[in-house]
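A closer look at the structure
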Amino acid sequence: MSFWELAAYCVGLGLLELENMQAGQFMLSRPSVVGALIGLLTGRLVEGARMGVFLELLFLDQAPMGGIIPPSGLVAAGAGVLLMAGAGLEFSMAFALSILLGYAYSRLQLPLRNMRNSWNGKIDAAADRGKTDLSGWIVKALVSETAACTVLLLAGIPVAATAGNWLWNNGPGQIRSALVFACSTAPWLGMAALLFRFKPRLSAGER
Amino acid sequence: MDARLKKKIFLRSMLLQACWNFERMQNVGFAFAILPALRKIWPAPDKLKKAFARHIASLNTQPYMAGFVLGMTAKMEEDLASSEEAVEGAAGRIQNFKRTVASALAAIGDSLFWGIMRPLTLEISVLVWWFSGFYRWTMLSGGKMIGVCCDTARLPEVIHGTVMANGGQANPGALPGQWAILAGPVAGLIAYNALSLWVRWKGLSAGYACGGRSPDCGLAAVDWQKLIKASGFLCFAAAVFLLASSYFVCVLPLFFEGISAASCRRLAMPPLVVLLAWAVRRAGYTNAAAYTALIPLSAVFFWGAGKGF
C-alpha cells in the first residue's frame, strides 16, 4: 500500500470518526461496520468483518456514558484492517496493535475536549456582542477532530506495522502463540460478557 | 412548531455533541439546535441574546433523547414569549426543568441505546452471518484450527450433510459471498437506526406537546421500561444462542475425529473462557483488560510447556 493510499484511508477514517461522537451517531463508525467496509475496499472482507466484530465484542462493555471516553472502535478497526491488508501483518498481531491505537485515540480526546473548554468564554463574549451564530465553532471542532484522528492513524499505522513485523518475525515463538491464543478468545469473551450482563437484569426484572 | 422548523431542529440536533467539552458538555450543540426556534420566537436582538445565553449554559443528555429536551424547551420559550410572566423567574424555571428532564432522559437513553441496543444490533449482525452460512465467524482463519475453536474444515459438511440436509447434497462449505458478509453489519445498522431515528423524531413532538407542563415531560411518551425489558431479553436470548451454537459447531466435528488430548483441550477451552469472562465481570475489569492479560499469561504458559499453541 502506497503512502497516498494510506493517507486516503486515514482521511476517510478521520471523517468517519466524526460520526462516532460528534455528528449523527448513526453507528456507521462502529467497528463491525468499519472493519467490513475497509476489508471490502482492501480486498480482505472476511478478515476485516471478523476483526470488526471481534473488536466490537471486546469493547462493548465500555460505553460513552457521561464523560467516559471509551477506546475508539473506529480507529482500532480501521487501523487493524489496514495493518493486515496494507502492511501484511498477521490477524492476531494486527488485532493487538489495533487495540493499542484505539486506546491511544481515546487519550487524544482529552486534550481535544479540554481545548473546547476554552471556547466557552469566547462564545459567551461573542453572544454578549449579539453574535449568536455557532457554525464557525462547530466547523472548527469537526475539523480539529478529523485532523487529530487522521494524524494519529497516519503516524500510528506505519510505526505499529514496523514494530509488529519485527516482533512477529524476530520475537520468541511463544509471543506469537500467545497473541493467536488471546485473539481467538476475544469473541468468546465478548459473547460470554453479554450473557452475564443481561442475566441479572432479567432476574431482577428491572431496567 | 411548524414542520419546517421541526426538520431544522431535528437536523441540527445531529450535531449536539460536536463541541462536547468537560466544562459545559453539550451546551454549544444544544444552543445550535435550538437557535432556529429562538430566532423565530424572539425576533428582537436583545431578547434573542438573553434567550441564547440561557441555552449556552451547561447541559448533558443522551444524544438520541435530546429531541425531547429540545421540543420541550422550544415550547417553554414560546410560552414565555407570549406570557406576562416576569422573564427572569421564568427563565430560571426553563433552565431547571431542562436540566432535570435531560438527566432523567440521559439515564434512560444510556441504558437503552448504549447498554442494550448496541450489543443487540451487533448480535443481529452475527445472527445474519450465522443464518447466511458464515458459521466460522469466531475463527481466525478458515480451515485449520487456530486458538479456541477447533478444526472446522468438515463443519459445513456436518451441518449441511447431517444436521441440515440440503437436498441430500453435502455443501462443500465455501464461505458465503461478500454480500452475505456485508449483510450482517448492514442489518445491525438498519435495526439500530430504525429505533434511534424514531426516538429522535418523536422526541421533538412529544417534548413540544408536553412543553414543561408535567414533571415527567416526554418520559411518558414511550413505555421505556417495557422497551428496555423486551430488548434486554432479546439481547440475552441472542447471546445464549450465539454462545451455544458457536460451541456446538466447534465441538460437533470432534466426535468424528476421535478423542485426543488436543480435542479435549479444544472442548474445554470455550467453557474456560466463559468462566474467565464471568470472573472478569465480577472483578470489575473490562473485556479488553482480560484480553490484554491473556497475552503475557499464555506466553508464560507456552514458555513453560515448551511449545506453541
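None of the values given here were measured: they were computed from a predicted structure. (Residues numbered from 1 in each chain as written. Chains lettered and ligands numbered in written order. Predicted model: local features only at pLDDT ≥ 70, side-chain atom pairs only at ≥ 80, totals over all residues. Heavy atoms only, no water.)

Within chain B, the secondary structure is distributed over 11 helices and zero strands. If you list the helices and strands of chain B from N to C, you get α-α-α-α-α-α-α-α-α-α-α. The proportion of buried residues among the 309 residues of chain B is 54%. Restricting the contact set of chain B to residue pairs at least 6 apart, pairs at least 24 apart contribute 76%. Accessible surface, chain B: about 13,500 Å² in total, of which carbon and sulfur atoms supply 65%. (Helix = DSSP H or I, 4+ residues; strand = E, 2+ residues; numbered from the N terminus. Buried < 20%, exposed > 50% of the residue type's maximum accessible area, 1.4 Å probe, protein only. Contact = heavy atoms within 4.5 Å. Areas by Shrake-Rupley, 256 points an atom, 1.4 Å probe, with all protein chains shown as cover.)

A word on the overall build of chain A. Counting its regular elements, chain A contains eight helices and zero strands. N-terminal to C-terminal, the α/β element order of chain A is α-α-α-α-α-α-α-α. Seen along its three principal axes, the alpha-carbon backbone of chain A occupies a region of about 65 × 55 × 30 Å. For chain A, the proportion of contacts with a sequence separation of at least 24, taken over those separated by at least 6, is 74%. When the accessible surface of chain A is totalled, it reaches about 7,300 Å², and 65% of it is carbon and sulfur. If you average the places of the 15 positive and of the 12 negative side-chain charges in chain A, the two averages end up 4 Å apart. (Lys, Arg positive; Asp, Glu negative; His and termini not counted. Charge placed at Lys NZ, Arg CZ, Asp CG, Glu CD.)

On to the packing of aromatic side chains. Within this structure, the stated rule accounts for 18 aromatic pairs over all chains. For the pair Phe54 of chain A and Phe95 of chain A, a centre-to-centre distance of 6.2 Å together with 85° between the ring planes defines the contact as edge-to-face. Taken together, the positions of Phe54 of chain A in helix α3 (residues 45-59) and Phe95 of chain A in helix α5 (residues 91-117) put the pair 41 residues apart, joining distant regions of the chain. A single burial state applies to Phe54 of chain A and to Phe95 of chain A, both of which are buried. Pairing Trp20 of chain B with Phe22 of chain B gives two aromatic rings, centres 5.5 Å apart and planes at 85°, and the pair type is edge-to-face. An aromatic cluster of at least three residues, connected via ring pairs, comprises Phe54, Phe91 and Phe95 of chain A together with Tyr291 of chain B. One Lys or Arg, Arg12 of chain B, reaches over the ring of Phe32 of chain B and ends 4.2 Å from the middle of that ring. (Phe/Tyr/Trp six-rings, centres within 6.5 Å; stacked < 30°, edge-to-face > 60°. Lys NZ or Arg CZ within 6 Å of the ring centre and 35° of its normal.)

Bear in mind that shape data such as this cannot, by itself, settle questions of function.
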